Amino acid sequence: MSQDAEKTVKSEIERFVDLEKLGPAGTALEIATSESERAALAKRFGFLGLPAFSARMTVDRKPGGRIVVEGRLKGRIVQACILSLDPVTQELDDAFRLVFAEDVDEERDPESGEALLNANGDAPEPLTGNMLDVGEIAAEQLSLTADPYPRRPGIRLEDVLPKPKGGARRAAPEPRRHPFAGLAALRDKPRRDR
């Protein structure tokens, strides 16, 4: 997660905290998104709509130069059902906690160069610069909170599959031929004596 203020891709809900001006008590902030910000987030994450989205967050400096961001997301997402493509609404109310630290190197895959995930959930993320975009943090947490497989209640796969023609039942499947059936036939074949 890149936190540089000079990054090339602009977040839909930029809200920067200057870490140099962060007092000993930290800071608390509330993100109330506009309609255009919610529309941009919905487009980014492939939602049908994002009628409501807000976040309350605190940013604290901890011993060792670590920055802890804690917060709670609230809102409503509208996504397409994975089976019927009908709209499915998901209510959001989710808490999160992230730790950032300077001088943390992201582990990278030697072949692809992509960042690898750390199995330790409390492992700090790299902090670059003195500006932290908490709006982008909220956006990323939104994407993690959204149901990856939204499904309309009560719908089953059989409800959306095409029905067999003529109302006839499906024929019983043919028994599968075992891949080693030919070898078994050779094994059971009588041998010629030499």
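Placed above this text is the structure.
The text that follows walks through the structure, step by step, so that each part is easy to find. Computed from a predicted structure; not experimentally measured. (Residues numbered from 1 in each chain as written. Predicted model: local features only at pLDDT ≥ 70, side-chain atom pairs only at ≥ 80, totals over all residues. Heavy atoms only, no water.)

Attention now goes to a nonpolar patch on the surface. On the surface, Leu157, Val160 and Leu161 cluster together to form a nonpolar patch covering roughly 220 Å² of accessible area. One can find Leu161 in the loop between α3 (157-160) and α4 (181-188). (Patch = residues over 30% accessible without salt bridge, like charges linked within 9 Å, V, L, I, M, F, W, Y side chains within 5 Å. Areas by Shrake-Rupley, 256 points an atom, 1.4 Å probe, with all protein chains shown as cover. Salt bridge = Lys/Arg side-chain N within 4 Å of Asp/Glu carboxyl O. Helix = DSSP H or I, 4+ residues; strand = E, 2+ residues; numbered from the N terminus.)

Another point: the environment of Leu127. Structurally, the position occupied by Leu127 is in the loop between β6 (125-126) and β7 (131-133). Each C-alpha atom of the pair Leu127 and Ile67 lies 8.6 Å from the other, and the pair is 60 residues apart in sequence. Those residues in contact with Leu127 that lie beyond four places of it in its chain are Leu19, Ile67, Phe100, Ala101, Glu102 and Leu132. (Contact = heavy atoms within 4.5 Å.)

The next thing to look at is the sheet that holds β6. Here we have five strands laid out as an open sheet, ordered β2-β3-β4-β5-β6, and mixed in their pairing. In the strand order of this sheet, the two ends are held by β2 (27-32) and β6, each with one partner. Pairing of strand β5 (residues 87-101) with β6 involves two bridges; the strand directions are parallel. Across the sheet, Phe100 pairs through a bridge with Glu125, a residue of β6. Contacts from helix α1 (residues 35-45) reach β2 and β3 (49-62), with the element oriented near 95° to β3. (Pairing = 2+ DSSP bridges. Axes fitted to C-alpha atoms, helices over the stretch in contact; angles between N-to-C directions.)

Okay, the pairing of β3 next. Judged from the six bridges that link them, β2 and β3 form a sheet pairing that is antiparallel. Pairing of Ile31 across the sheet is with Ala55, part of β3. Pairing of β3 with strand β4 (residues 66-80) involves twelve bridges; the strand directions are antiparallel. Across the sheet, Asp60 pairs through a bridge with Val68, a residue of β4. Linking β3 to β4, which pair antiparallel, is a turn of three residues; within it Gly64 sits at a positive phi near 85°.

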